[in-house]
Amino acid sequence: MTRVGDVGRRLARGTGLLLESPARWFDVSTMSALVVRLAVPVGGLAFAGRVLERAPHLIYAVPVGWLWAAWAMSDTSAPPPPLSETPSGDVYAGEVLRVDRVEWGREGVTCTIHVVREEVNGP
């Protein structure tokens with residue numbers, strides 16, 4: 001069962017992401033794109049206002065919509081789950097090899113994997 005604090009943190013994270021996304025929506029390079037991106041929300045708000053004039057009881061859908069959007073947004077922002085098993089140094093291109101030694105570079109970024117060589121006598 002989820003605790004109330006966990007639910008609150010998740011909704012707060014989702015609300016923050018919902019409020020951050022319009023800032024990225026208006027980050028455009030041309031004036032015509034900015035006009036289009038301004039016209040869409042203004043038209044949506046005008047349409048919602050006209051609907052609410054005819055059916056004022058639909059205002060109760062606003063908090064429900066916010067809860068759903070914040071919950072869904074917090075789900076998409078979650079970090080990916082950890083891998084079930086960390087790959088070891090003996091897996092290379094999907095093949096299991098016997099590793100003799102692994103030499104790491106000075107910065108610790110690169111490594112050279114030395115495999116065990118098997119000598120085969122020719123016919």
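Presented here is an overview of the structure given in this document. Everything quoted here is computed from the prediction, not taken from an experiment. (Residues numbered from 1 in each chain as written. Predicted model: local features only at pLDDT ≥ 70, side-chain atom pairs only at ≥ 80, totals over all residues. Heavy atoms only, no water.)

## Here we look at the overall build of the protein chain
Item 1. Helices and strands together make up the secondary structure of the protein chain, namely three helices and four strands.
Item 2. Along its sequence from the N terminus, the protein chain presents helices and strands in the succession α-α-α-β-β-β-β.
Item 3. Within the protein chain, the proportion of its 123 residues that are buried is 6%.
Item 4. Within the protein chain, counting contacts between residues at least 6 apart in sequence, those at least 24 apart form 35% of the total.
Item 5. Of the accessible surface of the protein chain, which amounts to about 10800 Å², a share of 63% is contributed by carbon and sulfur atoms. (Helix = DSSP H or I, 4+ residues; strand = E, 2+ residues; numbered from the N terminus. Buried < 20%, exposed > 50% of the residue type's maximum accessible area, 1.4 Å probe, protein only. Contact = heavy atoms within 4.5 Å. Areas by Shrake-Rupley, 256 points an atom, 1.4 Å probe, with all protein chains shown as cover.)

## Notes on the packing of aromatic side chains
Item 1. Under the counting rule described, the total for this entry stands at zero aromatic pairs.
Item 2. Its guanidinium or amino end placed over the ring of Trp71, Arg10 lies 3.7 Å from that ring's centre, counting from NZ or CZ. (Phe/Tyr/Trp six-rings, centres within 6.5 Å; stacked < 30°, edge-to-face > 60°. Lys NZ or Arg CZ within 6 Å of the ring centre and 35° of its normal.)

## So, the pattern of salt bridges
Item 1. This structure, assessed with the given rule, holds four salt bridges.
Item 2. Among the salt bridges present, the one from Arg50 reaches Glu53, with a minimum N-O distance of 3.3 Å. Taken together, the residues Arg50 and Glu53, both in helix α2 (residues 31-54) and three residues apart, mark about one turn of the helix.
Item 3. Exposure remark for Glu53: the relative accessible area of 57% places this residue in the exposed category.
Item 4. A single salt-bridge network, built from bridges that share partners, covers Asp100, Arg101 and Glu103. (Salt bridge = Lys/Arg side-chain N within 4 Å of Asp/Glu carboxyl O.)

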